[in-house]
Amino acid sequence: QKEVEQNSGPLSVPEGAIASLNCTYSDRGSQSFFWYRQYSGKSPELIMSIYSNGDKEDGRFTAQLNKASQYVSLLIRDSQPSDSATYLCAVQRYGQNFVFGPGTRLSVLP
Amino acid sequence: DTGVSQDPRHKITKRGQNVTFRCDPISEHNRLYWYRQTLGQGPEFLTYFQNEAQLEKSRLLSDRFSAERPKGSFSTLEIQRTEQGDSAMYLCASSQSGTGAYEQYFGPGTRLTVT
């Protein structure tokens, strides 16, 4: 079983819609969770971090965490073509290195 | 620019040659990480430092790979006797420990092509 799993996509949504990206992880000791955005040929850019169960909102982005289900998601409201990128989920045990998922490719259609 | 910087941005080398990459972290960050990323995959952890101490090294890391952070500031990653399978993007990230938040910030990466 892979440690961090994501649907590879592509996930296609129309402009203005809500994009929903999902991530599951296997290590129950994981405590910190992160979403990164990566444009083609560029390095990952941090979007959100979440540490507690529930929702965390930042602008058009909402991260959701459910540790019991070992599930973390990212919602992007009012999706824009500029949101088209690969979204990486990263999971961390306290103080240790990150484990990344393979990423989900999002395409926002104008 | 106070972000993470990496040098060079691109490196083309012939199989069997040695290469060295440099990473300068965000100045107040004491943790520095190296990752490798190939097309269609997420970043794969290689090693990390807290100050000058190398605290963890991936079991997948060949002994051809070595990393240093001699003064707790910049770090170098050396690959000896490069192989075509080493072709990848090498990413450096830094973070600040001890604050309860371990967010990592990435540099632009070094793209290595082994011919």
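Residues numbered from 1 in each chain as written. Chains lettered and ligands numbered in written order. Predicted model: local features only at pLDDT ≥ 70, side-chain atom pairs only at ≥ 80, totals over all residues. Heavy atoms only, no water.

S.K.: Kindly report on the sheet that holds strand S7 (residues 61-66) of chain A, identifying the contributing residues and their values.
M.R.: Residues and elements named next belong to chain A. Within the open sheet, the 5 strands sit side by side as S1-S3-S8-S7-S6. Their pairing is antiparallel. The open sheet is flanked by strand S1 (4-5) and strand S6 (54-58), the only strands paired with a single partner. Here S1 runs beside strand S3 (residues 19-25); their pairing, made up of 2 bridges, is antiparallel. Within S3, the position partnered with Val4 by the bridge is Tyr25. (Pairing = 2+ DSSP bridges. Helix = DSSP H or I, 4+ residues; strand = E, 2+ residues; numbered from the N terminus.)

S.K.: Break down the interface of chain A and chain B for me, with residues and values.
M.R.: In this assembly, 19 residues from chain A lie in contact with 23 residues from chain B. Carbon and sulfur atoms make up 53% of the area that chain A and chain B hide from each other, which totals about 1600 Å². Inspection of the chain A/chain B interface yields 0 salt bridges. Listed by contribution, the elements that provide at least two residues to the side of chain A that touches chain B are strand S4 (30-38), strand S5 (45-50), strand S9 (85-93) and strand S10 (98-100) of chain A. Here the side of chain A that touches chain B gets 3 residues from one element, more than from any other, and that element is S4 of chain A. For the side of chain A that touches chain B, the residue count by class is 10 nonpolar, 9 polar and no charged. (Contact = heavy atoms within 4.5 Å. Buried area = accessible area lost by both parts, 1.4 Å probe. Salt bridge = Lys/Arg side-chain N within 4 Å of Asp/Glu carboxyl O. Nonpolar A, V, L, I, M, F, W, Y, C, P; charged D, E, K, R; others polar.)

S.K.: Give a description of the pattern of salt bridges that names residues and reports values.
M.R.: Residues and elements named next belong to chain A. Counted according to the given criterion, the structure contains 8 salt bridges over all chains. Taking the shortest distance from any N to any O, the salt bridge between Glu57 and Arg77 comes out at 3.4 Å. A residue pair is termed long-range when its members are at least 10 positions apart, and Glu57 in strand S6 and Arg77 in the loop between strand S8 (71-76) and S9 qualify at 20 residues.

S.K.: Before we move on, can you summarise the packing of aromatic side chains with the specific residues and values?
M.R.: Under the defined criterion, the tally for this structure stands at 16 aromatic pairs over all chains. Consider the rings of Tyr33 of chain B and Tyr35 of chain B, whose centres lie 6.3 Å apart with planes at 20 degrees: the pair is stacked. With a relative accessible area of 0%, Tyr35 of chain B lands in the buried category. Through pairs of rings, three or more aromatic residues link up here, namely Phe34, Tyr36, Tyr51, Phe98 and Phe100 of chain A together with Tyr33, Tyr35, Phe45, Tyr48 and Phe106 of chain B. Across from the ring centre of Phe61 of chain A, 5.6 Å away, lies the NZ or CZ of Arg60 of chain A, which sits over that ring. The ring of Phe74 of chain B has Arg22 of chain B sitting right over it, with the charged end atom 3.9 Å from the ring centre. (Phe/Tyr/Trp six-rings, centres within 6.5 Å; stacked < 30°, edge-to-face > 60°. Buried < 20%, exposed > 50% of the residue type's maximum accessible area, 1.4 Å probe, protein only. Lys NZ or Arg CZ within 6 Å of the ring centre and 35° of its normal.)

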